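Architecture at a glance
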Amino acid sequence: MKRPYIICHMLTSLDGKTSGDFLASPEIIPATTAYERINHTFHATAWLSGRISMEESFTFFKQPMFEIDAPIYPKEDYIAEPHAQIYMVVIDTTGKVAWESNTLHYQDRPAAHIVEVLTHQVKDEYVSYLKQRKISYIFAGENQLDLGLALEKLSNLFGIKTLIVSGGGRTNGYFLKENYIDEISLIISPVISGDDHAITLFHGTNELNNAVSTAYQLIHTEALDAGGIWLRYRHIT
């Protein structure tokens with residue numbers, strides 16, 4: 001299968017959390033600065049995240065407003081921008097994110113063209129909603145996500161060679177369970193979350209009795225300012 005090279009690049013607390021109040025701590029600012037600096041060094045042409053992460057950080061759980069009598073389009077892949085500098089790929093299987101434009105802006109990263117990954121469960125109205133905004137979308141699966149098919153399409157239709165996965169724990173866990181993570185890049189901040197309800201780096205990997213035990217080789221360590229550390233691992237094939 002032809003697919004992008006996948007790096008899971010994440011920022012965590014000392015106790016392995018990726019969400020929660022620790023992210024507002026001033027002590028993690030050097031780690032977040034390093035996270036962005038290191039992100040640029042991968043020279044990726046796409047980032048990927050899950051629906052919930054996008055709604056939390058960008059659309060704030062707004063509901064998409066559908067036009068009355070909007071045209072119905074066939075549920076086929078739609079490439080609005082085949083030559084974007086950067087793509088923001090979002091796993092949104094049933095179509096819920098209320099985008100206002102086809103471009104995502106985040107800190108000092110280049111403006112990214114949005115690509116929605118859908119399944120055929122999505123409503124016709126949402127497909128029309130995306131197309132009217134010239135937001136690209138691909139279909140990968142009937143009733144549930146076919147991640148391998150999605151990755152093939154990202155490679156073949158958009159020419160994505162390196163993909164950075166920075167999702168929530170469930171999105172990351174799904175990639176891990178399917179054995180698609182080539183590298184893990186981990187920025188550990190010198191702060192303990194202590195929140196038992198916060199999301200961990202990988203979540204839900206043991207569902208349906210599919211426990212994951214995947215070995216990675218440490219290829220780089222780097223001490224960061226103010227007590228943080230960068231760990232980089234490569235999958236052992």
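Residues numbered from 1 in each chain as written. Predicted model: local features only at pLDDT ≥ 70, side-chain atom pairs only at ≥ 80, totals over all residues. Heavy atoms only, no water.

1. Quick notes on the pairing of strand E9 (residues 216-223)
The pairing of E9 with strand E10 (residues 229-235) spans 7 bridges and is antiparallel. Looking at the pairing, Thr221 lines up with Leu231 of E10. The antiparallel hairpin formed by E9 and E10 contains 5 residues in its connecting segment, where Ala226 sits at a positive phi of about 65°. (Pairing = 2+ DSSP bridges. Helix = DSSP H or I, 4+ residues; strand = E, 2+ residues; numbered from the N terminus.)

2. A closer look at the side chain of Asp182
For Asp182, the position within the fold is in the loop between helix H5 (169-177) and strand E8 (183-188). A polar contact of 3.0 Å, which involves the side chain of Asp182, links it to the side chain of Arg3. Among the polar contacts made by the side chain of Asp182, one reaches the main-chain amide nitrogen of Ile6 at a distance of 2.8 Å. (Polar contact = N/O pair within 3.5 Å; in protein donor to acceptor, adjacent residues only side chain to side chain.)

3. Regarding the packing of aromatic side chains
Enumeration according to the criterion identifies 7 aromatic pairs in this entry. With centroids separated by 6.5 Å and ring planes inclined at 75°, the aromatic side chains of Phe66 and Tyr126 adopt a geometry described as edge-to-face. Taken together, the residues span a long stretch of sequence, with Phe66 in the loop between helix H2 (51-59) and strand E3 (87-91) and Tyr126 in helix H3 (residues 124-132) at a distance of 60 residues. Residue classification places Tyr126 among the buried residues on the basis of a relative accessible area of 1%. An angle of 45° between the planes, with centres 5.3 Å apart, marks the rings of Tyr78 and Tyr137 as tilted. Pair noted here: Tyr78 is in the loop between H2 and E3 and Tyr137 is in strand E6 (residues 136-139), with a separation of 59 residues, a long-range link. Residue Tyr78 shares its accessibility class with Tyr137, and that shared class is buried. A cation sits over an aromatic face here: Arg109 above Trp47, 4.6 Å from the ring centre. The cationic tip of Arg133 hangs over the ring face of Tyr129; the distance from NZ or CZ to the ring centre is 3.7 Å. (Phe/Tyr/Trp six-rings, centres within 6.5 Å; stacked < 30°, edge-to-face > 60°. Buried < 20%, exposed > 50% of the residue type's maximum accessible area, 1.4 Å probe, protein only. Lys NZ or Arg CZ within 6 Å of the ring centre and 35° of its normal.)

4. A few points about the environment of His120
Within the fold, His120 resides in the loop between strand E5 (112-118) and H3. Since its relative accessible area comes to 29%, His120 is described here as partly exposed. As a C-alpha pair, His120 and Asn143 span 23 residues in sequence and 6.5 Å in three-dimensional space. Beyond its immediate stretch of four places on either side in the chain, His120 contacts Lys75, Phe139, Gly141 and Glu142. (Contact = heavy atoms within 4.5 Å.)

5. Here we look at helix H1 (residues 29-41)
Here H1 is 13 residues long and its end C-alpha atoms lie 19 Å apart, about the 18 Å a rise of 1.5 Å per residue gives. Backbone geometry just after H1 places His43 at a positive phi near 50°. (Expected span 1.5 Å × (residues − 1).)

6. A closer look at unusual backbone geometry
With phi around 55°, Lys134 is a residue other than glycine that occupies positive phi space. Residue position: Lys134 is located in the loop between H3 and E6. The class of Lys134 is exposed, set by a relative accessible area of 54%. You will see that Ala226, though not glycine, has its phi angle at about 65°, which is positive.

7. Considering the environment of Leu163
Its location among the elements puts Leu163 in strand E7 (residues 162-165). For the pair Leu163 and Leu48, spaced 115 residues apart in sequence, the C-alpha to C-alpha distance is 7.0 Å. Excluding anything up to four places from it in sequence, Leu163 contacts Pro4, Tyr5, Ile6, Ile7, Ala46, Trp47, Leu48, Leu151 and Leu154.

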